[in-house]
Amino acid sequence: MKSKNRTVDETDNLIDTGPIPFNERLSYDKLTFFYLSLPITLFGQMFGALLLSALQIGSVDLYSIGIWLLVSFVMFSYRFYHYYVFRNESEYNKLEDARLWLHRYYTNVLISGMVWGSSAILIFPEDNLIHQMTVMLFLLTIGFTSMGVLASKRDLLLAFVLVTFLPLVLRLFFLEGEIYLNIAYIVVALMLIVLLISNYYGKVINSSLDNHLHFITIRHSHEKLKERFFSLFERAPVGIYYYNAGLVLQDINEQFKIMNKMGYKKDLIGQDLHATKNREIVDAHEKVFWNQTGNYRGPFETLYGENIIYVDLSTVPMLDSDGKVTGGIAIVNDITDEVTAKEEMVRSAYYDMLTEIPNRTLLMDKLENLIARDMTGLQYAALLFIDIDNFKKVNDSFGHNVGDTVIRQVAYKIDNVIGKSETIARIGGDKFVVLIPLLSSDEDQARHNALDYASKIKGSFARPLKTAGEDYHLTLSIGIVLFNSAEASAYDILKRSETAMYEAKTSGRNTIRFYKHEMGAHAQEQLTIANNIHKTIEENAFDIYYQPQLDVQSGRIIGAEALIRWFRPDTGPVSPEIFIAIAEESGLIIKLEEWIFDRVLSEMKSLSVSMNGFVLEHIAINVSATHFLKPRFVEKFMLLVKKHQVQPEWIELELTESGIMHSMHDAITKIEELKQFGITFSIDDFGTGYSSFAYLKRLPVNVIKIDQAFVLNMDQDQGDAMIVESIVTIGQKFNLKVLAEGVENLQTLEHLKQAKCDYYQGFYAYKPMPMSEFGQIVTTTSL
Ligand code: C2E
Ligand code: CA
Ligand code: CA
């Protein structure tokens, strides 16, 4: 605070950043102006006072001179003291108390004026003109010199002039002699001149102060503007940078530094934007030199380092004062999050969440593109429709988590088999599709290649999957459609492959089928069947036939197997082999079997009534595993048994081994529960599929039914005969009754007799028949 410049600078700072209102500045400026000139003025005046006193010695008594000098020195000391305090005051306080200091100053000036004025009374001789003139000269000098200081404050000047000169003027008026009156007039005139000149001078000073103030105001607002712009540039939440005509970065803001993951701005400033390999980005920057704005949206390789962000970038020309483009300003928005979110959306729209392979939408896109662009009739392409056999059972018995794992494993395995140009997609539950765009121009070759693909896929499941800690043998049904022209739509092609897959399913699963045109009709037929099953249940239009089961040795009828019959009025009889499979696939089996149970149990009741008791060992009813494994099967079944007042002992339930093998635990529990009531169980189609004696050991069943496939040919085929014999032996070992199905001739029956098979069933004895007929036969034979 020693030098003027620093004072002003710091004060500006205080005004700019501190809480001082701007109008305080005016008082402060005047104040500085006044106090700065104070020491010189005071020293001058002190010297003047001493000189005046010295000059008056002799003409005025020393006592008066002493008093005046004393008063003067008290006044000077007081003013020096104030000057001293002011100087040592902090800038901030000076500013805050500017008005107070100003008033203090004014008061001091008036006191000083009064002290000087008093000289006209205290050291003004009565008669010595020379000495009187000396006092006047001094007073006028003081008046003129103060004029410079007080000029800017008119009222103060007036007060000062009055207190300084009025005593003199009064004194002069009261002195005797014409001359004094004249001098008084001259003094008054001089007073007026002082006032007039000061007034003018004051205007000049005031306007210069105003100018100074104006300048400060401008500087102030300029700085505010600068600050605002700086905040905008530096603290903006977007990246901003300047570049010159050579696309070299001139300055960057904080955000852009952060976007580039840099620690220091200086590492980026001076970078050449040409370094980016992206031509579009360079173009967007160069546009400004045509006085246009540039835009770019897309990936942006950060200037240092390899990571890529997504940006929305705009450039505007930067002009110099002549309006010439000297470079550009770029504003960069980091839209990485937005883009990744969108990418994620696209991913979930085109990819299957569970397996992360393409979904139906993407597959159809690819298929449509292939058909629209590349189908010239020259090259064959293929679509493979893959469905996991009995997948429902995996879900039902292991739960959905395991089901999901299996689906993932299957996707992974198929994906490993196919090549780069092929597409695998999951288009629903356990359904996958593989698109093979290029096979061969020769149809036979294409067929051969497609079959190769399908076999490879199937082959990759030869080894069991590890599922929930157990080995799980999984098989696939695959439908293939070949196409080489745009004759069919993508939808049709997919449908055809699906039809072929269903064909594979109905031909016993675990197979591959090519699509043939006849299949279209067949698939339609299947759909009609499913619809009709439902209708037929409602109409109560199914029939139950009973096929007698006989004792091999005695030929006595021991029971019967209930078999469903469907005679469609429009097309004639439909084989249960066909519609039971469809009912299982569509879930209709539950309703259908509930209908069957209801009917069979009611007919059993009638039979027992008509015969005065139940003379047979049992009536066997087929139960599909899907139904059996449903929760609450036991309760529901027992409710029906109660409803029809049938003895549970009369009922035998037939389960297929393959159906229940994946849910052994659940199946065993249910079998055991039902056995508690007296219901018996048989294993149907024994010897086919998964047949394993290990299961047999665990299953608490009563009867094994040897599949007719072995029985039908056992009179000709030694191998089949041996299988039948072994099954009989094993059955005996496990303490189970063995029943042979499909006995069509006497030789077979004789063979079974030798093998000590317990029961049989077959066309040789009886074909399945309605209850009315069966009841009659039972009555006559048991008589
Ligand atoms: P399945 O349980 O093995 O039934 C025996 C099948 O063999 C019956 O065919 C029967 O008519 C036939 N059959 C009986 N003796 C002979 C013979 O000496 N020679 C020949 N070639 N065949 C004989 P069907 O009635 O056509 O039933 C076929 C399959 O449909 C059944 O095989 C069974 O799996 C299913 N099915 C039939 N009725 C029902 C039912 O009520 N419920 C359930 N869940 N499935 C049923
Ligand atoms: Ca059966
Ligand atoms: Ca059977």
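Here is a short report on the structure shown in this document. Nothing here was measured: the structure is a model prediction, and the numbers come from that model. (Residues numbered from 1 in each chain as written. Chains lettered and ligands numbered in written order. Predicted model: local features only at pLDDT ≥ 70, side-chain atom pairs only at ≥ 80, totals over all residues. Heavy atoms only, no water.)

## Points about the overall build of the protein chain
Next, step 1: For the protein chain, the helix and strand inventory stands at 28 helices and 22 strands.
Next, step 2: The C-alpha atoms of the protein chain give a radius of gyration of 58 Å, which is well past the 28 Å a tight globule of 783 residues would have.
Next, step 3: Once the C-alpha set of the protein chain is aligned to its principal axes, its extents read approximately 185 × 65 × 45 Å.
Next, step 4: Looking at the protein chain residue by residue over its 783 residues, the buried ones come to 47%.
Next, step 5: In the protein chain, the share of contacts with a sequence separation of at least 24, taken over all contacts with a separation of at least 6, comes to 66%. (Helix = DSSP H or I, 4+ residues; strand = E, 2+ residues; numbered from the N terminus. Rg over C-alpha atoms; globule rule 2.2 N^0.38 Å. Buried < 20%, exposed > 50% of the residue type's maximum accessible area, 1.4 Å probe, protein only. Contact = heavy atoms within 4.5 Å.)

## Describing the packing of aromatic side chains
Next, step 1: Within the structure shown, the criterion is met by 24 aromatic pairs.
Next, step 2: Judged by centre distance (5.8 Å) and plane angle (90°), the rings of tyrosine 35 and tryptophan 101 are edge-to-face. Of this pair, tyrosine 35 sits in helix H2 (residues 24–56) while tryptophan 101 is found in helix H5 (residues 98–122), placing the two residues 66 residues apart along the sequence.
Next, step 3: Among the aromatic residues, ring-to-ring pairing joins Tyr35, Phe86, Trp101, Tyr105 and Tyr106 into one connected group.
Next, step 4: Stacked on the ring of phenylalanine 514, the Lys or Arg arginine 447 has its end atom at 4.6 Å from the ring centre.
Next, step 5: For lysine 767, the ring lying beneath its charged end belongs to phenylalanine 763, and the centroid distance is 4.6 Å. (Phe/Tyr/Trp six-rings, centres within 6.5 Å; stacked < 30°, edge-to-face > 60°. Lys NZ or Arg CZ within 6 Å of the ring centre and 35° of its normal.)

## Brief notes about the sheet that holds strand E7 (residues 423–428)
Next, step 1: Strand order in the open sheet made by the five strands is E7-E8-E6-E11-E12, with mixed pairing throughout. Both outer strands of the open sheet, E7 and strand E12 (512–514), are each paired with one neighbouring strand and no more. Strand-to-strand twist in this sheet, taken as the mean axis angle between neighbours without regard to direction, amounts to 25°.
Next, step 2: Of the strands in this sheet, strand E6 (380–388), E7 and strand E8 (431–440) are in contact with helix H14 (residues 400–417), which crosses E8 at around 5°.
Next, step 3: Taken strand by strand, helix H15 (residues 443–459) contacts E6, E8, strand E11 (476–483) and E12, and its axis lies near 155° from that of E11. (Pairing = 2+ DSSP bridges. Axes fitted to C-alpha atoms, helices over the stretch in contact; angles between N-to-C directions.)

## Describing the site of ligand 1
Next, step 1: By nearness alone, 20 residues border ligand 1, and Arg565, Glu593, Gln708, Glu744 and Phe763 come closest of all.
Next, step 2: Within the side chain of glutamate 593, an N or O atom sits 2.7 Å from a nitrogen atom of ligand 1.
Next, step 3: Taking glutamate 741, its side chain carries an N or O atom lying 3.4 Å from an oxygen atom of ligand 1.
Next, step 4: For ligand 1, whose accessible area on its own is 790 Å², the fraction buried by protein is 85%.
Next, step 5: Per-element tally for the shell around ligand 1: the top contributor is strand E14 (residues 557–568), with four residues. (Near = heavy atom within 4 Å. Polar contact = N/O pair within 3.5 Å; in protein donor to acceptor, adjacent residues only side chain to side chain. Areas by Shrake-Rupley, 256 points an atom, 1.4 Å probe, with all protein chains shown as cover.)

## Concerning the packing of helix H21 (residues 633–643) against helix H23 (residues 664–677)
A pair of packed helices is captured by two measures, namely the crossing angle of their axes and the spacing between those axes.
Next, step 1: Relative to each other, H21 and H23 sit at 25°, their axes nearing to 10 Å. Comparing their axes, H23 and H21 come out roughly parallel. For the pair H21 and H23, the sense of crossing is right-handed. Along its contact with H21, which presents Phe633, Val634, Phe637 and Met638, the element H23 presents Lys670, Glu673, Leu674 and Phe677.
Next, step 2: A per-class count over the contact of H21 with H23 returns six nonpolar, no polar and two charged. (Parallel < 35°, antiparallel > 145°, perpendicular 65-115°, else oblique. Left-handed = near helix turned anticlockwise from the far one by under 90°. Nonpolar A, V, L, I, M, F, W, Y, C, P; charged D, E, K, R; others polar.)

## Thoughts on the pairing of E6
Two faces make up the sheet, and in a regular strand the side chains alternate between them.
Next, step 1: Of all nine residues making up E6, nine are buried, and the element is well covered by its neighbours.
Next, step 2: By the bridge criterion, seven bridges tie E6 to E8 in an arrangement that is antiparallel. Paired with alanine 382 across the strands is isoleucine 436, a residue of E8.
Next, step 3: Strand direction decides the pairing type here: E6 and E11, joined by eight bridges, are antiparallel. Following the sheet pairing, isoleucine 388 is matched in E11 by leucine 476.

## Things to note about the side chain of asparagine 108
Next, step 1: Examined against the element boundaries, asparagine 108 turns out to sit in helix H5.
Next, step 2: Here asparagine 108 falls in the buried class, since its relative accessible area comes to 4%.
Next, step 3: Once you skip the residues sitting within four places of it in the chain, asparagine 108 turns out to touch Tyr78, Arg79 and His82.

## A short note on a nonpolar patch on the surface
Next, step 1: On the surface, Leu158, Leu162, Leu166, Leu170, Phe173, Phe174 and Tyr185 cluster together into a nonpolar patch covering about 700 Å² of accessible area.
Next, step 2: At six residues, helix H7 (residues 154–174) tops the list of elements feeding residues into the nonpolar patch.
Next, step 3: With respect to the helices and strands, the residue leucine 158 is situated in helix H7. (Patch = residues over 30% accessible without salt bridge, like charges linked within 9 Å, V, L, I, M, F, W, Y side chains within 5 Å. Salt bridge = Lys/Arg side-chain N within 4 Å of Asp/Glu carboxyl O.)

## Some remarks on the nonpolar core
Next, step 1: Core analysis: the largest hydrophobic core is formed by 87 residues, its most contacted members being Ile533, Ile619, Phe637, Ile651, Leu653, Leu674 and Phe774.
Next, step 2: In this view, isoleucine 533 contacts Phe542, Trp566, Phe579, Ala583, Leu588 and Leu592; residues no more than four positions away in its chain are not counted.
Next, step 3: Formed by 51 residues, the second largest nonpolar core is a distinct cluster that contains Phe86, Ile123, Leu140 and Ile142. (Core = buried A, V, L, I, M, F, W, Y, C linked by side-chain atoms within 4.5 Å.)

## Quick notes on the coordination of the calcium ion (ligand 2)
Next, step 1: Within the first shell, the calcium ion (ligand 2) binds the protein through Glu561 (OE), Asn622 (OD1), Glu654 (OE) and Asp684 (OD), at distances of 2.1 to 2.4 Å.
Next, step 2: One chain supplies every donor for the calcium ion (ligand 2), spaced along it as E-x60-N-x31-E-x29-D.
Next, step 3: The distance between the calcium ion (ligand 2) and the calcium ion (ligand 3) is 4.0 Å, with aspartate 684 acting as a donor to both metals. Residue asparagine 622 is found in strand E16 (residues 618–622), and its partner aspartate 684 is found in strand E18 (residues 680–686); the two are separated by 62 residues along the sequence.
Next, step 4: Taking relative accessible area as the criterion, asparagine 622 reaches 22% and is therefore assigned partly exposed. (Donors = N, O, S within 2.8 Å, 3.2 Å for Na, K, Ca; no water.)

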